[in-house]
Amino acid sequence: MTQAEQTPAVIAEEADAGRLEWIDPLTDFLPDAPSESRVIVDPFNHRKKREDGEADTTEPDPGLITSVDAVGVQQAPVLRPQTGEHEGKLGIVMGQRRMKAARAAAEKAVAERRKYRKVRVIIREDLTGVDDEALAGSMVENIHRAAASVQDDLDAAQQLALMVNAKRVPKARKTQLAAAIGRTVEELDAAPRVAKIAPKVIEGLWESGAEFDWIEQADFNEVGDVPNALLKLKEAKQKDAAEGNAKRGAWRQAMQALKAEKEKAERIAATTAELTKKMIPVIGWPRSWQYSTARPLEELESAIGRPLTEAGHNETCEGHAATFDPADGEVVWVCSEFKKHGHRILGTAQNEDSGTEGAEEVDEKAEAEREAAREEARRVKANNAAWRSVREVRQEFITDMCQDKGEAPADVKDLVTTTILAGRYTYTHYVTGDYGRLLSAFLKDESLKHAPAHVVAKLVKRTGVKRYWWLLFAHIAGMYEFEHMTDEAWRGKKDEFGRRKPIAGETVEWLNFLKKHGYSLSEVEEETLATAQRQAEEKARQDAERKAQRERWEREREEARLKREAEEKAVREEEGRESADEPDAEPDAESADELDAEPDGREDGGEAEEDDGE
């Protein structure tokens, strides 16, 4: 007997496949008006909205809507004819979310004045009136359907990305394919990076509540070992969402800072390994040098007052060691037991030897000054490193701005025109130097690196008129970055006498301009604007005080003048009154005789003559 004869015959039973029909999601399916709709949700559909307050699992997510909009509903929903009060209608047994997604996609298409897709459905006549089987089928779809694993999704996306890139699919088609799986083109490009992540890492992100897309997952995988990386990235994502920043500005800043932290940690680890090979101890950075037995060599001198050098100290002192400045990760050479090995702190030896009363107080004051100087040095180092690091993110943002295909906004034109016509020294200095480097970077054209005239001419010729302003903006942006965003710009440059000037107004102007156009400022840039604001307020206060002082001096001088004039006038008036009130002087004897006599002397003479005549 053959094997076929021994094995009982197995008959494959045919299941009811139903019939296919096309449904218009706009005219046939009206979820908000079931009485007027030809298609309704079957009363025995397992996935349905229940009482208020419970999670509604019936609404499609944005990814599903995007996918349906791109390629339509790929898996046909199952419907059955209704009986009773819904006689003549079709009820959705399986695929309610797909139908709602089709309707949302159709509404979007109509709003954008383009065609939308009908939905192919399966009508199961055999389920008419068979409620228990309809409910069971609905439950089977929703409960026993095995969800694709994280790695399944990543592997599929990676394969799709490889195929798209290999075939050089047009960007429009690439966008459509990405939308079909609910992703963006950028996410599709990131899929190969994400595929390298262990599934447990991504599952850990989900469990932590970090709803990262593929780009964000790939970024996190680069810096996930940096302390507090997840927290910082979640905060950055929340900030972008709150500010409506679609360019991930805060995320980019956070990633740049985390990359810098990782690079610093890797540099410290490599240097530590080298020091270990050389048998040089490495100690931790003390919280306070004042209470530490160690001190940096730059703050010490030998017992006879000579400075300590790294090479000399390494050869002669057992306390030679190294630590790392947390601000920039650079090595700081120290003596781990400076008092034990006879070293003295610079500037305090005289006080210690003098034994005079009050020496300890002087030392504490000097130590406080040294600690303040150390803190300021650490702040400067940290800000210098941060300022240099953030330059990459800022210039990437400027590059994105320069790729804009539309008309430049008015403030861009104003900035360009004002800068060129004002003829500032910084502008003329920039255009006479090597300005092609930044111009080529912002316009993504290596041929512009040295800005030869014929290359520039070709660039202008192939650029549309609307884009002219963006070419000029790239030129002006290079000037601001080169001249006003230098390494010391965050705290102000020094003048020819070595004095620190306030933060330049152009630095503040440029940061505020970029911020207005959607650039997310880093911490050091925010601090720069805050410092500039305080400096401006302080200058305004000082100007107001000087003005008030001048006005007070002028008022006092005027009051003094008026007072002096009043006093002089009073003196003159007093002298005048004294002259008017003084009595006439009494005549002397001779004057009295003269007054008694007749003016011509005739009376006495006449009498005499008369006597003589008698």
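Preceding this section is the structure that the text describes.
All values reported here derive from a predicted model rather than from experimental measurement. (Residues numbered from 1 in each chain as written. Predicted model: local features only at pLDDT ≥ 70, side-chain atom pairs only at ≥ 80, totals over all residues. Heavy atoms only, no water.)

*Asks:* It is not clear to me how the packing of aromatic side chains should be interpreted in this structure. Could you clarify?
*Replies:* To describe a pair of aromatic rings, one takes the distance between the centres and the angle between the planes. Throughout the structure, instances matching the rule amount to ten aromatic pairs. Seen in terms of ring centroids, phenylalanine 473 and phenylalanine 513 are 5.9 Å apart; in terms of plane orientation they differ by 35 degrees. Their pairing is tilted. Of this pair, phenylalanine 473 sits in helix H19 (residues 468-484) while phenylalanine 513 sits in helix H20 (residues 505-516); the two residues are 40 residues apart in sequence, bridging distant segments of the chain. No difference in accessibility class separates phenylalanine 473 from phenylalanine 513, as the two residues are buried. Through a chain of ring-to-ring contacts, three or more aromatic side chains come together here, namely Trp470, Phe473, Tyr480, Trp510 and Phe513. In this arrangement the basic side chain of arginine 394 is found over the ring face of tryptophan 387, its NZ or CZ atom lying 5.6 Å from the centre. (Phe/Tyr/Trp six-rings, centres within 6.5 Å; stacked < 30°, edge-to-face > 60°. Helix = DSSP H or I, 4+ residues; strand = E, 2+ residues; numbered from the N terminus. Buried < 20%, exposed > 50% of the residue type's maximum accessible area, 1.4 Å probe, protein only. Lys NZ or Arg CZ within 6 Å of the ring centre and 35° of its normal.)

*Asks:* Got a minute to help me understand a nonpolar patch on the surface in this structure?
*Replies:* Taken together, the side chains of Ile420, Leu421 and Leu472 define a hydrophobic patch exposed on the protein surface, amounting to about 270 Å² of accessible area. Inspection of the secondary structure assignment puts isoleucine 420 in helix H15 (residues 410-422). (Patch = residues over 30% accessible without salt bridge, like charges linked within 9 Å, V, L, I, M, F, W, Y side chains within 5 Å. Areas by Shrake-Rupley, 256 points an atom, 1.4 Å probe, with all protein chains shown as cover. Salt bridge = Lys/Arg side-chain N within 4 Å of Asp/Glu carboxyl O.)

*Asks:* Just to check I follow, could you spell out the sheet that holds strand S8 (residues 320-324) for this structure?
*Replies:* The strands making up a sheet associate through hydrogen bonds between their backbones, and the pairing can be parallel or antiparallel. One open sheet accounts for three strands, arranged S6-S9-S8; its pairing is antiparallel. Looking at the sheet topology across the chains shown, the edges are occupied by strand S6 (295-296) and S8. Across five bridges, S8 lies against strand S9 (residues 331-335) in antiparallel orientation. By the bridge assignment, histidine 320 is partnered in S9 with cysteine 335. In the packing of helix H11 (residues 249-277) onto the sheet, contacts are made with S8 and S9, and the angle to S8 comes to roughly 170 degrees. (Pairing = 2+ DSSP bridges. Contact = heavy atoms within 4.5 Å. Axes fitted to C-alpha atoms, helices over the stretch in contact; angles between N-to-C directions.)

*Asks:* I'm lost on the nonpolar core in this one. Help?
*Replies:* Side chains of a nonpolar character, in soluble globular proteins, are inclined to be buried together. Counting residues in each nonpolar core, the largest one holds 43 residues, and the members touching the most others are Ile398, Leu443, Phe473, Trp510, Phe513 and Leu514. For this core, the secondary structure elements donating two or more residues are helix H14 (359-402), H15, helix H16 (425-431), helix H17 (436-443), helix H18 (453-462), H19, H20 and helix H21 (523-581). (Core = buried A, V, L, I, M, F, W, Y, C linked by side-chain atoms within 4.5 Å.)

*Asks:* In this structure, what is going on with unusual backbone geometry? I would like to understand it.
*Replies:* Leaving glycine aside, a negative phi is the common case for residues, and trans is the common case for peptide bonds. Here the phi dihedral of asparagine 228 falls at roughly 65 degrees; this positive angle occurs in a residue that is not glycine. Position of asparagine 228 relative to the elements: it lies in the loop between helix H9 (214-223) and helix H10 (229-243). A positive phi angle, close to 55 degrees, is found at lysine 444, a residue other than glycine. You can see lysine 444 is positioned in the loop between H17 and H18.

*Asks:* Is there a simple way to think about the pairing of S8 in this case?
*Replies:* Along any regular strand the residues' side chains alternate between the sheet's two faces. Summarising burial for S8: five of the five residues are buried, a large majority. Burial along S8 is two-sided: the face carrying His320, Ala322 and Phe324 and the face carrying Ala321 and Thr323 are both buried. What sits between the antiparallel neighbours S8 and S9 is a turn of six residues, in which glycine 329 has the positive phi angle 75 degrees.

*Asks:* I'm lost on the pattern of salt bridges in this one. Help?
*Replies:* Oppositely charged side chains may form a pair once their charged atoms are brought near each other. Under the criterion given, the structure shown has 49 salt bridges. In this structure, glutamate 125 engages arginine 19 in a salt bridge whose closest nitrogen and oxygen atoms are separated by 3.0 Å. Pair noted here: glutamate 125 is in the loop between strand S5 (119-123) and helix H4 (131-143) and arginine 19 is in strand S1 (residues 19-23), with a separation of 106 residues, a long-range link. In this structure, aspartate 543 and arginine 546 form a salt bridge, with 2.3 Å as the shortest nitrogen-oxygen distance. Pair noted here: aspartate 543 and arginine 546 are both in helix H21, with a separation of three residues, about one helical turn. Owing to a relative accessible area of 41%, arginine 546 belongs among the partly exposed residues under this scheme. Counted as one network, the salt bridges with shared partners bring together Arg295, Glu299, Glu367, Arg370, Glu371, Arg374, Glu375 and Arg378.

*Asks:* Any chance you could explain the packing of helix H2 (residues 62-71) against helix H3 (residues 96-111) here in plain terms?
*Replies:* Contact geometry for H2 and H3: axes closest at 8 Å, N-to-C directions at 65 degrees. Overall, the two elements H2 and H3 adopt an arrangement that is roughly perpendicular. With respect to the hand of their crossing, H2 and H3 are arranged in right-handed fashion. Mapping the contact onto sequence places Leu64, Ile65, Val68 and Asp69 in H2 and Arg97, Arg98, Ala101, Ala102, Ala104, Ala105 and Lys108 in H3. (Parallel < 35°, antiparallel > 145°, perpendicular 65-115°, else oblique. Left-handed = near helix turned anticlockwise from the far one by under 90°.)

*Asks:* Just checking my understanding: could you explain H9 for this structure?
*Replies:* Each α-helix winds once per 3.6 residues, and so residues spaced three or four apart point in a common direction. Extensive coverage of H9 is indicated by the burial of eight of its ten residues. All of the buried residues in H9 are Trp214, Ile215, Glu216, Gln217, Ala218, Asp219, Phe220 and Val223. Where H9 begins, the capping side chain belongs to aspartate 213, and its oxygen is found 3.1 Å from the backbone nitrogen of isoleucine 215. (Polar contact = N/O pair within 3.5 Å; in protein donor to acceptor, adjacent residues only side chain to side chain.)

*Asks:* Got a minute to help me understand the environment of phenylalanine 212 in this structure?
*Replies:* With respect to the secondary-structure elements, phenylalanine 212 resides in the loop between helix H8 (199-207) and H9. For phenylalanine 212, a relative accessible area of 6% gives the class buried. Note: C-alpha distance between phenylalanine 212 and lysine 234 (22 residues apart in sequence) is 8.6 Å. Other than its neighbours up to four places away in sequence, phenylalanine 212 contacts Leu205, Gln217, Phe220, Leu230, Leu233, Lys234, Lys237 and Trp251.

*Asks:* Please explain the sheet that holds S5 as it appears in this structure.
*Replies:* Reading across from one edge, S1-S5-S3-S4-S2 is the order of the five strands in this open sheet, with mixed pairing throughout. The two strands at the open ends of the sheet, each matched to only one other strand, are S1 and strand S2 (39-41). If you compare each strand with its neighbour and ignore which way they point, the axes differ by 45 degrees on average. Here S2 pairs with strand S4 (residues 90-94) via three bridges, running parallel. Its bridge partner being in S4, isoleucine 40 is matched across the sheet by glycine 91. Strands in contact with H3 are S1, S2, S4 and S5; relative to S4, the strand with the most contacts, it is inclined by about 115 degrees.

*Asks:* When you look at a negative patch on the surface in this model, what are you seeing that I'm missing?
*Replies:* A cluster of like negative charges, contributed by Glu263, Glu266, Glu392 and Glu396, occupies part of the molecular surface. Those elements giving two or more residues to the negative patch turn out to be H11 and H14. By the secondary structure assignment, glutamate 263 is in helix H11. (Lys, Arg positive; Asp, Glu negative; His and termini not counted. Charge placed at Lys NZ, Arg CZ, Asp CG, Glu CD.)

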